[in-house]
Amino acid sequence: MAQREILLADSPALRQKAKKIRIIDAGVQRLIDDMIETMDQAHGVGLAAPQVGESVRVLVIRIPESEPIALINPQVVKRSGERILEEGCLSIPGWRGEVKRSVTVLVKALNRDGREIRVKATADLLAQALEHEIDHLDGVLYIDRLTAPDRMWKLLPHEEEGEEGEEGLVGAGSHSVEI
Ligand code: CO
């Protein structure tokens, strides 16, 4: 496994529509492993392949205290409800914004073995991360979804550091993770 460089929001690679994966080979599996390592090192909750310069439809998510999940060619099958959330992104480090997201999200995808899986999430960080990462695959960033243009702010330096809690490294609060 290798840690990859995370591209920042001004990179044109983050504005492209990523291509579908046709064949799940060792290269795709290596990419997934690299993305999980990169996400974990950056203390993020999710990462999409375009953020490491690969314009393909692959994403990884690790909700704190859970195993990582990898989704290939994910598609939102159904979404419902609306909620206003704080959101951050590993490609926009140190910033947070207020966005509108769905309450329930149902996603269909292939897992790393090529099997079709469905992931359903309701009113939690997983639901938010699924929409955020699938947006990345379409060249969309959360700053495109702010509730108002000025609803974005920079964290103070002490807020940027994760806090070492009893249950391990957590973000500065569940509402302020980078995904
Ligand atoms: Co992001």
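Look above for the structure.
Now for a description of the structure that goes with this document. Predicted model only: the values in this text are computed from it and were never measured.

Conventions adopted
Residues numbered from 1 in each chain as written. Predicted model: local features only at pLDDT ≥ 70, side-chain atom pairs only at ≥ 80, totals over all residues. Heavy atoms only, no water. Helix = DSSP H or I, 4+ residues; strand = E, 2+ residues; numbered from the N terminus. Salt bridge = Lys/Arg side-chain N within 4 Å of Asp/Glu carboxyl O. Buried < 20%, exposed > 50% of the residue type's maximum accessible area, 1.4 Å probe, protein only. Donors = N, O, S within 2.8 Å, 3.2 Å for Na, K, Ca; no water. Tetrahedral: all angles 85-135°; square planar, octahedral: opposite > 155°, others 65-115°.

### Considerations on unusual backbone geometry
Link 1 in the chain: Although it is not a glycine, E65 sits at a positive phi angle of roughly 75°.
Link 2 in the chain: Mapped onto the elements, E65 comes out in the loop between strand 2 (58–61) and strand 3 (69–80).
Link 3 in the chain: The backbone of A123 sits at a positive phi, close to 55°, despite the residue not being glycine.
Link 4 in the chain: Tracing the backbone shows A123 in the loop between strand 7 (116–122) and helix 2 (125–137).

### Observations regarding the pattern of salt bridges
Link 1 in the chain: With the rule as written, the count across this model stands at 15 salt bridges.
Link 2 in the chain: In this structure, R15 and D144 form a salt bridge, with 2.7 Å as the shortest nitrogen-oxygen distance. Here D144 lies in the loop between helix 2 and strand 8 (152–154) and R15 lies in the segment before helix 1 (26–41), a separation of 129 residues in the sequence.
Link 3 in the chain: Residue classification places R15 among the partly exposed positions, given a relative accessible area of 40%.
Link 4 in the chain: Residue R145 is joined to D135 by a salt bridge in which the shortest nitrogen-to-oxygen separation is 2.6 Å. Highlighted residues: R145 in the loop between helix 2 and strand 8 and D135 in helix 2, separated in sequence by 10 residues.
Link 5 in the chain: Residues joined by salt bridges that share partners form a network here, namely E87, R101, D135 and R145.

### A look at the coordination of the cobalt ion
Link 1 in the chain: Within the protein, the atoms that donate to the cobalt ion are C89 (SG), H132 (NE2), H136 (NE2) and I179 (O), at distances of 2.1 to 2.3 Å.
Link 2 in the chain: Because the angles between the 4 donor atoms bound to the cobalt ion fall within 79 to 151°, the donor set is best described as irregular.
Link 3 in the chain: Counting residues between consecutive donors of the cobalt ion along the chain gives the motif C-x42-H-x3-H-x42-I. With C89 in the loop between strand 4 (83–87) and strand 5 (95–101) and I179 in the segment after strand 10 (168–170), this pair connects stretches of sequence that are 90 residues apart. The pair formed by C89 and I179 is uniform in burial state, with each residue classed as buried.

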